[in-house]
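Here is what each chain is made of, one letter per residue.
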Amino acid sequence: MSLFRALKKTCSVIKKSLFSRETTEAVKMETTKINMSRVPLVNGSIDTAMLKAHKPRVMSKSGHSNVRIDKVDGIYLLYLQDLWTTVIDMKWRYKLTLFAATFVMTWFLFGVIYYAIAFLHGDLEINKFTPKREPCVKNVDSLTGAFLFSLESQTTIGYGFRFITEECPHAIFLLVAQLVITTLIEIFITGTFLAKIARPKKRAETIKFSHCAVITKHNGELCLVIRVANMRKSLLIQCQLSGKLLQTYETKEGERILLNQASVKFNVDSSSESPFLILPLTFYHILDERSPLRDLTPQNLKEKDFELVVLLNATVESTSAVCQSRTSYIPEEIHWGYEFVPVVSLSPNGKYVADFSQFEKIRRSTDSTFYSMDSEKQKLEEKYRQEDQRERELRTMLLQQSNV
């Protein structure tokens, strides 16, 4: 009996020890979870490796459109009707090829015409020249000579070896027409070069958006937050940041819109419509009842299918040109319960420093409500949302049947 009591006592001690250890580990885990709010992530885009490879996007992260225009009747004619924009939008390799080909083709084309004039005038029959007979163009007795004369005339080199005479008025008229036409072509090509170089497209590439967005509390409101920075010292004035939520939407009549656009309004810390973008700024969208993202919860965020396109319009101070920078966010790039790490600090010599090594870093929000929210309450709210969605679908079906 004494041996049995000793074994029973030993088991009781072991059980208490295990319970105490589990309690201690649970407390440690909870403490670690809370303390993680102070630990920044190495990179705000660490979860991008888990993004779905087949996830369609209307706008890429770099701001380029992923929409393909297909099956348009007479599309080449439409491009030719707006030749100025077509040439400006060309890639540089095609533009330089067009630039060189334009000059070579005009030199050769007018050279062939000069050669035809010389042939019809009989200038190529050198042995039949009389002392008093003058050719249309001196020293042009081959196609190569005609090409060189066209080149020298168009570029106004004028070596003096080949020149036009008074013998052929139509050759003089052709020379005048060549100079006028080629001058207009040079003006057009040079203008497109200058317009392409002066475009604010490259300036827009120096506007940096955060790779991810976060959902956190700001001034007591639940907000979707993104970060924007100007990478150059030259200022951007009259900045306007707006967003468009693209998602599938079904109307009350049953029409299914694949990419419905809903406006998403962003505010900045200064609550100004034209923020002063000299330092990295944080823009906030309040997730209230008027927000198109009001149904987001930590549970359904990653299951949602939408794309948030963000556009920043600004005026370049040095050129007064309007530029636009774009990016987009999908649910996998939005982190619930995180906040951005501060990037602006004051140096010892009294200057403000923007540390862009911290620009993409995020950390757990310091607001404990994100971690102490009642899961039962969240499930109940989700249940109510689903019931409300089913009621709306039922009303839509009844409306469609009544219309029939």
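See the structure printed just above.
Model, not experiment: these values are computed from the prediction.

About the thresholds
Residues numbered from 1 in each chain as written. Predicted model: local features only at pLDDT ≥ 70, side-chain atom pairs only at ≥ 80, totals over all residues. Heavy atoms only, no water. Pairing = 2+ DSSP bridges. Helix = DSSP H or I, 4+ residues; strand = E, 2+ residues; numbered from the N terminus. Axes fitted to C-alpha atoms, helices over the stretch in contact; angles between N-to-C directions. Parallel < 35°, antiparallel > 145°, perpendicular 65-115°, else oblique. Nonpolar A, V, L, I, M, F, W, Y, C, P; charged D, E, K, R; others polar. Salt bridge = Lys/Arg side-chain N within 4 Å of Asp/Glu carboxyl O. Buried < 20%, exposed > 50% of the residue type's maximum accessible area, 1.4 Å probe, protein only. Left-handed = near helix turned anticlockwise from the far one by under 90°. Contact = heavy atoms within 4.5 Å. Phe/Tyr/Trp six-rings, centres within 6.5 Å; stacked < 30°, edge-to-face > 60°. Lys NZ or Arg CZ within 6 Å of the ring centre and 35° of its normal. Patch = residues over 30% accessible without salt bridge, like charges linked within 9 Å, V, L, I, M, F, W, Y side chains within 5 Å. Areas by Shrake-Rupley, 256 points an atom, 1.4 Å probe, with all protein chains shown as cover. Disulfide = S-S within 2.5 Å.

Draft legend 1. Broad picture of the sheet that holds strand β9 (residues 322-329). One open sheet holds the 4 strands; their spatial order is β5-β4-β8-β9, and the pairing between them is antiparallel. Strand pairing shows two members of the sheet lacking a second neighbour, β5 (256-265) and β9, which therefore form its edges. Neighbour-to-neighbour, the strand axes of this sheet turn through a mean angle of 25 degrees, independent of strand direction. Inspection of the sheet shows strand β4 (residues 236-250) paired to β5 by 8 bridges, in the antiparallel sense. Across the sheet, the residue bridging to tyrosine 249 is isoleucine 257, located in β5.

Draft legend 2. Spotlight on the packing of helix α4 (residues 92-121) against helix α6 (residues 169-198). Across the interface, α4 lies against α6 with an axial gap of 11 Å and an inter-helix angle of 180 degrees. Here α6 runs roughly antiparallel to α4, going by the angle between their axes. Taken together, the residues of the contact of α4 with α6 sort by class into 16 nonpolar, 6 polar and 3 charged.

Draft legend 3. Region of interest: the pattern of salt bridges. Under the defined criterion, the tally for this structure stands at 8 salt bridges. Residues glutamate 333 and arginine 57 are paired through a salt bridge, measuring 3.0 Å at the closest nitrogen-oxygen approach. In this pair, glutamate 333 is assigned in the loop between β9 and β10 (334-336) and arginine 57 in the loop between α1 (2-35) and α2 (75-81), connecting sequence segments 276 residues apart. The same class applies to glutamate 333 as to arginine 57, namely buried.

Draft legend 4. Quick peek at the pairing of strand β2 (residues 213-218). Judged from the 3 bridges that link them, β2 and β10 form a sheet pairing that is parallel. Across the sheet, residue alanine 213 finds its bridge partner in β10, namely isoleucine 334. Sheet analysis places β2 next to strand β3 (residues 221-230), joined by 5 bridges and oriented antiparallel. When the sheet's bridge partners are listed, lysine 217 is paired in β3 with leucine 222.

Draft legend 5. Fine view of the packing of α4 against helix α5 (residues 143-154). At a closest axis distance of 8 Å, the pairing of α4 and α5 adopts a crossing angle of 125 degrees. Relative to α5, the element α4 lies oblique. Seen from above, α4 lies across α5 with right-handed handedness. Contacts between α4 and α5 pair Phe103, Val104, Thr106, Trp107, Phe108, Phe110, Gly111, Val112, Tyr114 and Tyr115 from the former with Leu143, Ala146, Phe147, Phe149, Ser150, Leu151 and Gln154 from the latter.

Draft legend 6. Quick look at the packing of aromatic side chains. Inspection of every chain in the model, using the stated rule, returns 7 aromatic pairs. Relative to phenylalanine 188, the ring of tryptophan 84 has its centre 5.7 Å away and its plane inclined at 75 degrees; by these criteria the two rings are edge-to-face. Taken together, the residues tryptophan 84 in helix α3 (residues 83-88) and phenylalanine 188 in helix α6 connect sequence positions 104 residues apart. Look at tryptophan 84 and you get partly exposed, because its relative accessible area is 38%. In this structure an aromatic cluster arises from ring pairing among Trp92, Phe99, Phe103, Trp107 and Phe193. Over the ring of tyrosine 94 we find arginine 93; its NZ or CZ atom is 5.2 Å from the centre of that ring. Lying over the aromatic face of phenylalanine 359, arginine 227 brings its terminal NZ or CZ to 5.7 Å of the ring centre.

Draft legend 7. Just a nonpolar patch on the surface, in detail. A grouping of Ile172, Val176, Val180, Leu184 and Ile187 is seen on the molecular surface, where their side chains present a nonpolar patch of about 450 Å² in accessible area. Within the element layout of this structure, valine 176 appears in helix α6. Exposure remark for valine 176: the relative accessible area of 48% places this residue in the partly exposed category.

Draft legend 8. Spotlight on the state of the cysteines. Scanning all chains against the criterion turns up 1 disulfide. Each disulfide pairs two cysteine sulfurs, and for cysteine 136 the partner residue is cysteine 168, the sulfurs being separated by 1.6 Å. Because the torsion about its S-S bond is -50 degrees, the bridge between cysteine 136 and cysteine 168 counts as left-handed. Separated by 32 residues along the polypeptide, cysteine 136 in the loop between α4 and α5 and cysteine 168 in the loop between α5 and α6 bring together distant segments of the chain. Neither residue differs from the other here; cysteine 136 and cysteine 168 are each classed as buried.

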